[in-house]
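Examining the three-dimensional arrangement
Listed below are the residues making up each chain.
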Amino acid sequence: MRNELDLFMKMCILLGLSTTEHAMKQPKIQALINAKDTQGVYDLLLVEQFYQDAFLALAHVYNIPVISSATFGQQTFMSEMFGIITPWSYVPHGYLPLTEHMSFLERVHNTYTSLRMDLDREFTYFPK
(Lines give C-alpha, C1' and ligand atoms only; values in the text may rest on other atoms or scores of the structure.)
Protein backbone atom coordinates (compact mmCIF):
# COMPACT_ATOMS: atom_id res chain seq x y z
CA MET A 1 0.00 0.00 0.00
CA ARG A 2 2.89 2.38 0.74
CA ASN A 3 4.26 2.14 -2.81
CA GLU A 4 0.79 2.83 -4.20
CA LEU A 5 0.47 5.90 -1.97
CA ASP A 6 3.90 7.14 -3.08
CA LEU A 7 2.91 6.66 -6.72
CA PHE A 8 -0.44 8.42 -6.18
CA MET A 9 1.23 11.42 -4.49
CA LYS A 10 3.88 11.68 -7.20
CA MET A 11 1.22 11.48 -9.89
CA CYS A 12 -0.84 14.27 -8.30
CA ILE A 13 2.19 16.51 -7.91
CA LEU A 14 3.41 15.84 -11.45
CA LEU A 15 -0.04 16.43 -12.90
CA GLY A 16 -0.55 19.61 -10.89
CA LEU A 17 2.86 21.07 -11.65
CA SER A 18 2.80 20.24 -15.36
CA THR A 19 -0.69 21.66 -15.93
CA THR A 20 0.09 24.76 -13.86
CA GLU A 21 3.38 25.35 -15.67
CA HIS A 22 1.69 24.95 -19.05
CA ALA A 23 -1.07 27.39 -18.13
CA MET A 24 1.34 29.92 -16.63
CA LYS A 25 3.28 30.08 -19.90
CA GLN A 26 0.22 31.07 -21.92
CA PRO A 27 0.33 34.69 -23.19
CA LYS A 28 -3.04 35.63 -21.68
CA ILE A 29 -2.03 34.37 -18.25
CA GLN A 30 1.31 36.18 -18.53
CA ALA A 31 -0.62 39.36 -19.34
CA LEU A 32 -2.68 38.89 -16.17
CA ILE A 33 0.41 38.29 -14.07
CA ASN A 34 2.36 41.25 -15.47
CA ALA A 35 -0.49 43.76 -15.72
CA LYS A 36 0.25 47.21 -14.32
CA ASP A 37 -3.38 48.09 -13.57
CA THR A 38 -4.71 45.47 -11.12
CA GLN A 39 -7.18 47.29 -8.87
CA GLY A 40 -10.87 47.22 -9.76
CA VAL A 41 -10.26 45.23 -12.94
CA TYR A 42 -11.88 41.96 -11.84
CA ASP A 43 -14.51 41.09 -9.24
CA LEU A 44 -13.75 37.42 -8.63
CA LEU A 45 -11.21 34.67 -9.26
CA LEU A 46 -12.66 31.26 -10.12
CA VAL A 47 -10.10 28.43 -9.88
CA GLU A 48 -9.88 24.66 -9.90
CA GLN A 49 -8.45 23.40 -6.62
CA PHE A 50 -6.59 20.28 -7.74
CA TYR A 51 -2.91 21.08 -7.32
CA GLN A 52 -3.11 24.42 -9.13
CA ASP A 53 -2.48 26.51 -6.02
CA ALA A 54 -0.21 28.94 -7.88
CA PHE A 55 -3.26 30.62 -9.38
CA LEU A 56 -4.40 31.72 -5.93
CA ALA A 57 -1.69 34.38 -6.09
CA LEU A 58 -3.80 36.19 -8.69
CA ALA A 59 -6.39 36.88 -5.98
CA HIS A 60 -3.70 38.72 -4.06
CA VAL A 61 -2.44 40.61 -7.11
CA TYR A 62 -5.94 41.74 -8.10
CA ASN A 63 -7.24 42.05 -4.51
CA ILE A 64 -10.32 39.93 -5.25
CA PRO A 65 -12.14 37.05 -3.53
CA VAL A 66 -11.71 33.46 -4.70
CA ILE A 67 -14.19 30.71 -5.46
CA SER A 68 -12.58 27.30 -5.82
CA SER A 69 -14.22 24.42 -7.60
CA ALA A 70 -13.11 20.93 -6.77
CA THR A 71 -13.75 18.11 -9.20
CA PHE A 72 -12.13 15.77 -6.67
CA GLY A 73 -13.10 17.17 -3.29
CA GLN A 74 -12.32 14.05 -1.28
CA GLN A 75 -8.78 15.14 -0.53
CA THR A 76 -8.15 16.07 3.09
CA PHE A 77 -6.39 19.31 2.14
CA MET A 78 -9.73 20.57 0.84
CA SER A 79 -11.12 20.24 4.35
CA GLU A 80 -8.18 22.13 5.84
CA MET A 81 -9.01 25.17 3.76
CA PHE A 82 -12.25 25.39 5.67
CA GLY A 83 -11.06 24.51 9.17
CA ILE A 84 -10.69 20.70 9.29
CA ILE A 85 -14.29 19.78 8.72
CA THR A 86 -13.34 16.16 8.00
CA PRO A 87 -11.40 14.84 11.00
CA TRP A 88 -8.87 12.18 10.04
CA SER A 89 -9.93 9.80 12.78
CA TYR A 90 -13.48 9.65 11.45
CA VAL A 91 -13.66 10.58 7.76
CA PRO A 92 -11.81 8.17 5.44
CA HIS A 93 -9.21 9.57 3.08
CA GLY A 94 -10.47 9.62 -0.53
CA TYR A 95 -7.57 7.43 -1.65
CA LEU A 96 -8.26 4.63 0.84
CA PRO A 97 -11.00 2.00 0.45
CA LEU A 98 -12.46 2.69 3.91
CA THR A 99 -15.84 3.70 5.27
CA GLU A 100 -16.67 5.81 8.31
CA HIS A 101 -17.00 2.52 10.24
CA MET A 102 -13.24 2.02 10.66
CA SER A 103 -11.50 -0.15 13.21
CA PHE A 104 -8.87 1.43 15.43
CA LEU A 105 -6.04 0.27 13.14
CA GLU A 106 -7.87 1.56 10.07
CA ARG A 107 -8.25 4.94 11.83
CA VAL A 108 -4.51 4.97 12.55
CA HIS A 109 -3.77 4.10 8.91
CA ASN A 110 -6.20 6.78 7.71
CA THR A 111 -4.61 9.39 9.97
CA TYR A 112 -1.11 8.38 8.85
CA THR A 113 -2.09 8.60 5.17
CA SER A 114 -3.73 12.00 5.62
CA LEU A 115 -0.79 13.40 7.58
CA ARG A 116 1.72 12.01 5.10
CA MET A 117 -0.09 13.56 2.15
CA ASP A 118 -0.34 16.91 3.96
CA LEU A 119 3.37 16.89 4.76
CA ASP A 120 4.18 15.93 1.18
CA ARG A 121 2.10 18.86 -0.12
CA GLU A 122 3.75 21.22 2.35
CA PHE A 123 7.37 20.17 1.86
CA THR A 124 7.47 18.70 -1.67
CA TYR A 125 4.70 20.25 -3.75
CA PHE A 126 4.45 23.83 -2.43
CA PRO A 127 8.19 24.60 -2.73
CA LYS A 128 8.09 23.58 -6.40
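Presented here is a report on the structure given in the accompanying data block. The structure presented is a predicted model; accordingly, all values stated were derived computationally and were not measured.

Right, let's talk about helix α5 (residues 104-125) for a bit. The terminal C-alpha atoms of α5, which comprises 22 residues, lie 30 Å apart, in line with the 32 Å expected from a rise of 1.5 Å per residue. All buried positions along α5 are accounted for by Asn110, Thr113, Ser114, Arg116, Met117, Asp118, Asp120, Arg121 and Tyr125.

With that settled, consider the packing of aromatic side chains. Using the criterion set out here, one finds two aromatic pairs in the structure. Relative to Tyr62, the ring of Tyr42 lies with its centre 5.2 Å away and its plane at 75 degrees, an arrangement referred to as edge-to-face. Taken together, the residues Tyr42 in the loop between α2 (27-34) and β1 (45-48) and Tyr62 in helix α3 (residues 57-62) connect sequence positions 20 residues apart. The class of Tyr62 is buried, set by a relative accessible area of 5%.

Let us look at the nonpolar core. Counting residues in each nonpolar core, the largest one holds 13 residues, and the members touching the most others are Leu5, Phe8, Cys12, Tyr51, Tyr95 and Met117. For this core, the secondary structure elements donating two or more residues are α1 (2-24) and α5. By size, the runner-up hydrophobic cluster in this structure holds eight residues, among which are Val47, Phe55, Leu58 and Ile64.

What follows is about the pairing of strand β2 (residues 66-69). Regular strands place side chains that alternate from one sheet face to the opposite one. Here four bridges tie β1 to β2, and the two strands are oriented parallel to one another. When the sheet's bridge partners are listed, Val47 is paired in β2 with Ser68. For the segment spanning β1, α3 and β2, crossover handedness is right-handed.

Nonpolar side chains collect at one region of the surface, where Leu44, Leu46 and Ile67 lie side by side and expose about 300 Å² of accessible area between them. In this structure, Leu46 sits in strand β1.

With that settled, consider the pattern of salt bridges. A complete count under the given rule lists two salt bridges for this structure. Residues Arg121 and Asp53 are paired through a salt bridge, measuring 3.4 Å at the closest nitrogen-oxygen approach. Of the two residues, Arg121 is situated in helix α5 and Asp53 in the loop between β1 and α3; the sequence distance between them amounts to 68 residues. Asp53 shares its class with Arg121; the two are buried.

The rules behind the values
- Residues numbered from 1 in each chain as written.
- Predicted model: local features only at pLDDT ≥ 70, side-chain atom pairs only at ≥ 80, totals over all residues.
- Heavy atoms only, no water.
- Helix = DSSP H or I, 4+ residues; strand = E, 2+ residues; numbered from the N terminus.
- Expected span 1.5 Å × (residues − 1).
- Buried < 20%, exposed > 50% of the residue type's maximum accessible area, 1.4 Å probe, protein only.
- Phe/Tyr/Trp six-rings, centres within 6.5 Å; stacked < 30°, edge-to-face > 60°.
- Core = buried A, V, L, I, M, F, W, Y, C linked by side-chain atoms within 4.5 Å.
- Pairing = 2+ DSSP bridges.
- Right-handed = clockwise from strand over helix to strand, strands pointing away.
- Patch = residues over 30% accessible without salt bridge, like charges linked within 9 Å, V, L, I, M, F, W, Y side chains within 5 Å.
- Areas by Shrake-Rupley, 256 points an atom, 1.4 Å probe, with all protein chains shown as cover.
- Salt bridge = Lys/Arg side-chain N within 4 Å of Asp/Glu carboxyl O.

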